[in-house]
Amino acid sequence: MDYKNAGVDIEAGYRSVELMKKHVQGTMRPEVLGGIGGFSGAFSLSTYKDMEKPTLVSGTDGVGTKLKIAFLMDKHDTVGIDCVAMCVNDIACAGGEPLFFLDYIACGRNIPERIATIVSGVAEGCKQAGAALIGGETAEMPGFYPIEEYDLAGFAVGIVDEKDLITGKDIREGDTLVGIASSGVHSNGYSLVRQVFHVNALNLATYYDFLGSTLGEALIAPTKIYVQALKQVKAAGVKIKGCSHITGGGFYENIPRMLPEGVRAVVKKDSWPKLPIFGMLREEGNISEQMMYNTFNMGIGMVLALDPSDVDSAMAAIREAGEEPYVIGSVESGEKGVTLC
């Protein structure tokens with residue numbers, strides 16, 4: 001009896017590392033110390049020594065049951081983008097610059113080419129965010145995960161000068177809410193999505209004219225990474241008063257997280273175009289409107305609270321970064337929360 005007979009192929013692990021190296025190398029930043037394959041990743045902070053109060057910010061998350069769509073489609077090159085996005089967007093919400101990322105892949109069987117493909121997506125997400133992929137772990141766990149399945153999670157660390165933290169404390173009545181378009185469902189609500197569509201390989205491959213894609217392509221579209229857009233807004237001299245990443249819990253849970261007591265967000269539901277996938281979800285699943293906005297991003301992946309005088313500059317900066325912004329509402333006095341009208 002040996003480890004391979006028990007279901008863990010050490011040689012496959014070595015091959016996975018070799019195959020992923022080229023993807024990891026493409027994410028390197030000058031601050032990264034040491035090479036690939038060490039026991040830990042090292043990152044120099046000397047570049048940031050002139051900050052008044054350098055402050056580390058962090059985020060951790062996974063891809064969730066969206067992975068089930070990837071398994072059925074046998075498409076594994078974009079879920080890594082989702083994993084990075086879920087972490088770095090939270091860092092960007094605090095005003096932080098993502099510095100580095102580490103991933104964790106747990107699988108029933110280590111298939112080196114598949115692992116390398118997953119990591120290629122992680123690396124692409126890191127490039128979009130400007131973060132270095134400085135480490136990770138692939139755990140082969142037979143008997144714990146099905147042979148053809150895996151889980152993917154990770155975490156990111158970023159930095160911001162304390163004075164530039166986005167806390168929401170200065171949000172006032174009369175401020176404007178600007179939303180940035182999402183690419184689709186992103187990485188939340190897939191337990192409901194899978195129930196609505198009773199997903200299988202056949203229906204995921206079905207093309208719909210109104211989607212402009214197959215159902216699977218619409219559902220697997222990777223989560224937008226908003227790091228560069230928020231950097232552009234800051235570079236334009238705009239102060240972002242508050243920022244909300246619309247993830248699990250949709251509008252009702254996430255927007256209030258950026259608000260101080262005594263103010264309320266008022267969101268106009270007709271102020272941006274709804275992606276067809278959300279209409280399909282609502283109709284096929286007979287889902288109430290309230291539940292849709294309490295589960296999904298509905299086409300808006302990030303919401304910024306801005307002084308009205310800064311809106312035009314911020315929207316121009318967001319467009320310059322290649323994203324689409326919309327004025328979606330305002331801030332009013334009242335009990336902390338959100339009103340959709």
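That block above? That's the structure.
On a predicted model such as this, the values are computed, not experimentally measured, just so you know.

Got a minute to help me understand the overall build of the protein in this structure?
Helix and strand content of the protein: 12 helices and 14 strands. Here the C-alpha radius of gyration of the protein, 21 Å, is about what a compact globule of 341 residues would show, namely 20 Å. Along the first, second and third principal axes, the C-alpha atoms of the protein reach 70 × 55 × 30 Å. A burial count over the protein gives 52% of its 341 residues as buried. Sequence-distant contacts, at least 24 apart, represent 85% of the contacts inside the protein between residues at least 6 apart. Surface summary for the protein: the accessible area is close to 15300 Å², and the carbon and sulfur share equals 51%. For the protein, the separation between the mean place of its 30 positive charges and that of its 43 negative charges on side chains is 2 Å.

I'm lost on helix 4 (residues 112-129) in this one. Help?
Each α-helix turn comprises 3.6 residues. Residues three or four places apart therefore point the same way. Taking 1.5 Å per residue, 18 residues should reach 26 Å; helix 4 reaches 26 Å between its end C-alpha atoms and fits that length. The buried fraction of helix 4 is high, at 13 of 18 residues. With its phi angle positive at about 75 degrees, Gly-130 sits one or two positions after the end of helix 4.

Please clarify how the nonpolar core should be interpreted in this entry.
Formed by 93 residues in total, the largest nonpolar core has its most connected members in Phe-197, Leu-219, Phe-251 and Ile-277. Per element, the largest residue contribution to this core is 10 residues, and it comes from helix 3 (residues 79-93). Ignoring sequence-local partners within four residues, the contact set of Phe-251 consists of Ile-246, Pro-256, Val-267, Trp-272, Tyr-293, Phe-296, Asn-297, Met-298, Ile-300, Val-338 and Leu-340. Counting 10 residues, the second-largest nonpolar core is a separate cluster that includes Tyr-48, Phe-100, Ala-132 and Ile-159.

I would appreciate a short explanation of the packing of aromatic side chains in the present structure.
A ring pair, where both rings are aromatic, is described by two values, the distance of the centres and the angle of the planes. What the rule picks out here adds up to seven aromatic pairs. Summarising the aromatic geometry, the rings of Phe-71 and Tyr-150 are spaced 4.9 Å apart at their centres and angled 75 degrees between planes, so their arrangement reads as edge-to-face. Here Phe-71 is found in helix 2 (residues 66-73), whereas its partner Tyr-150 is found in strand 6 (residues 150-161), with 79 residues between them in sequence. Taking relative accessible area as the criterion, Phe-71 reaches 18% and is therefore assigned buried. Here the aromatic cluster, defined as three or more aromatic residues joined through ring pairs, consists of Phe-251, Trp-272 and Tyr-293.

Could you clarify how one ought to interpret the sheet that holds strand 6 in this entry?
To summarise the sheet geometry, strands pair through backbone hydrogen bonds and adopt either a parallel or an antiparallel arrangement. Read across the sheet, four strands follow the order 3-6-4-5 without closing on themselves; strand pairing throughout is mixed. Pairing within the sheet leaves two strands with one partner each, and these edge strands are strand 3 (54-62) and strand 5 (132-140). Each adjacent strand pair in this sheet contributes to an overall mean axis angle of 15 degrees, direction not counted. Where helix 3 meets the sheet, its contacts fall on strand 3, strand 4 (97-107) and strand 6, and the angle it forms with strand 6 comes to roughly 30 degrees.

Looking at this structure, how should I read the packing of helix 5 (residues 190-197) against helix 10 (residues 276-285)?
For any two helices packed against each other, the geometry is given by the interaxial angle and the distance between the axes. Helix 10 packs onto helix 5 with a crossing angle of 60 degrees between their chain directions and a minimal axis gap of 9 Å. The angle between the axes of helix 5 and helix 10 places the two elements in the oblique class. Both helix 5 and helix 10 take part in a crossing whose hand is left-handed. Judged by residue contacts, Val-193, Val-196 and Phe-197 of helix 5 engage Ile-277, Met-280, Leu-281, Glu-284 and Gly-285 from helix 10. Class assignment for the residues of the contact of helix 5 with helix 10 results in six nonpolar, one polar and one charged.

What is the right way to look at the pattern of salt bridges in this model?
Opposite charge on two side chains permits pairing when their charged atoms draw close. One pass over the full model with this rule turns up 19 salt bridges. Put simply, Lys-66 and Asp-82 hold a salt bridge, and the shortest N to O gap is 2.9 Å. Taken together, the positions of Lys-66 in helix 2 and Asp-82 in helix 3 put the pair 16 residues apart, joining distant regions of the chain. A single burial state applies to Lys-66 and to Asp-82, both of which are buried. Overlapping salt bridges bring together Asp-161, Lys-163, Asp-164 and Lys-234 as one network.

Parameters at a glance
- Residues numbered from 1 in each chain as written.
- Predicted model: local features only at pLDDT ≥ 70, side-chain atom pairs only at ≥ 80, totals over all residues.
- Heavy atoms only, no water.
- Helix = DSSP H or I, 4+ residues; strand = E, 2+ residues; numbered from the N terminus.
- Rg over C-alpha atoms; globule rule 2.2 N^0.38 Å.
- Buried < 20%, exposed > 50% of the residue type's maximum accessible area, 1.4 Å probe, protein only.
- Contact = heavy atoms within 4.5 Å.
- Areas by Shrake-Rupley, 256 points an atom, 1.4 Å probe, with all protein chains shown as cover.
- Lys, Arg positive; Asp, Glu negative; His and termini not counted.
- Charge placed at Lys NZ, Arg CZ, Asp CG, Glu CD.
- Expected span 1.5 Å × (residues − 1).
- Core = buried A, V, L, I, M, F, W, Y, C linked by side-chain atoms within 4.5 Å.
- Phe/Tyr/Trp six-rings, centres within 6.5 Å; stacked < 30°, edge-to-face > 60°.
- Pairing = 2+ DSSP bridges.
- Axes fitted to C-alpha atoms, helices over the stretch in contact; angles between N-to-C directions.
- Parallel < 35°, antiparallel > 145°, perpendicular 65-115°, else oblique.
- Left-handed = near helix turned anticlockwise from the far one by under 90°.
- Nonpolar A, V, L, I, M, F, W, Y, C, P; charged D, E, K, R; others polar.
- Salt bridge = Lys/Arg side-chain N within 4 Å of Asp/Glu carboxyl O.

These figures come from the coordinates and say nothing about function on their own.
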